[in-house]
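Now for the letters of each chain:
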Amino acid sequence: MELPPASVLTLTAPEGPEGPVVLSRTGSVDLDDLERRMAGYWHRHQTGRPPRGPLQTARFLLDRDKHSRRGWLGRVTDLLRRDRAGHE
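Going along each chain's sequence as written, the residues are numbered from 1 onward. Given that this is a predicted model, residues contribute local features only at a pLDDT of at least 70 and side-chain atom pairs are listed and counted only at 80 or more, while totals for whole chains, interfaces and linings are drawn from all residues. Side-chain numbers come from the whole structure's heavy atoms, not from hydrogens or water.

Participant: Sorry if this is basic, but what is going on with helix H1 (residues 31-45) here?
Facilitator: Spacing of three or four residues puts side chains on the same side of an α-helix, whose turn is 3.6 residues. Helix numbers and strand numbers start at the N terminus; a helix is a DSSP run of H or I with at least 4 residues, a strand a run of E with at least 2. Here the expected span of a helix is defined as 1.5 Å times the quantity of residues minus one. Here H1 contains 15 residues, and its C-alpha end-to-end distance of 21 Å stays within 8% of the 21 Å for a straight helix at 1.5 Å per residue. Burial classification: accessible surface area is computed with a 1.4 Å probe over protein chains only, and a residue below 20% of its type maximum counts as buried, one above 50% as exposed, and the rest as partly exposed. Looking only at H1, the buried set comprises Met38, Gly40, Tyr41 and Trp42. Contacts are residue-level and defined by heavy atoms, with any inter-residue pair within 4.5 Å sufficient. Looking at the packing, one finds that the buried side of H1 touches helix H2 (54-67).

Participant: Explain the environment of Val22 here, please?
Facilitator: Among the secondary structure elements, Val22 is positioned in strand S2 (residues 22-29). Assessed through its relative accessible area of 33%, Val22 is described here as partly exposed. In this structure, the C-alpha to C-alpha distance between Val22 and Leu9, residues 13 residues apart in sequence, is 10 Å. Discounting chain neighbours no more than four positions away, the residues touching Val22 are Thr10, Leu11, Thr12 and Pro14.

Participant: I tried to follow the pairing of S2 on my own but got confused; where do I start?
Facilitator: Regular strands place their side chains on alternate faces of the sheet. Of all the eight residues making up S2, zero are buried; the element is thus mostly uncovered. With five bridges connecting them, strand S1 (residues 7-12) and S2 associate as antiparallel partners. Considered in S2, the bridge of Ser7 is made with Val29. Strands are treated as partners if at least two bridges between them are detected by DSSP.

Participant: Hey, could you run me through the environment of Leu9 in this one?
Facilitator: Residue position: Leu9 is located in strand S1. With 14 residues separating them in the primary sequence, Leu9 and Leu23 have C-alpha atoms 6.7 Å apart. Those residues in contact with Leu9 that lie beyond four places of it in its chain are Leu3, Leu23, Ser24, Arg25 and Thr26.

So this is what it looks like as structure tokens:
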């Protein structure tokens, strides 16, 4: 399934928290919102690095995860440790 850039999707759980999740197309596009979200990601998680566009960010994240031997839990733990060290 190929979507146009900045396609807006909706995520629902019609059967509640224990049921399946449904991802649906809304038919709308919001490039400004996507660009704001990308800039926010780079500001929060890649401090000191220049923001990249949506395609470059996707490639960066896919490449990072492909080469990472640790899962998302390890990355979250590292972020929490770094945050805690900064407040001590």
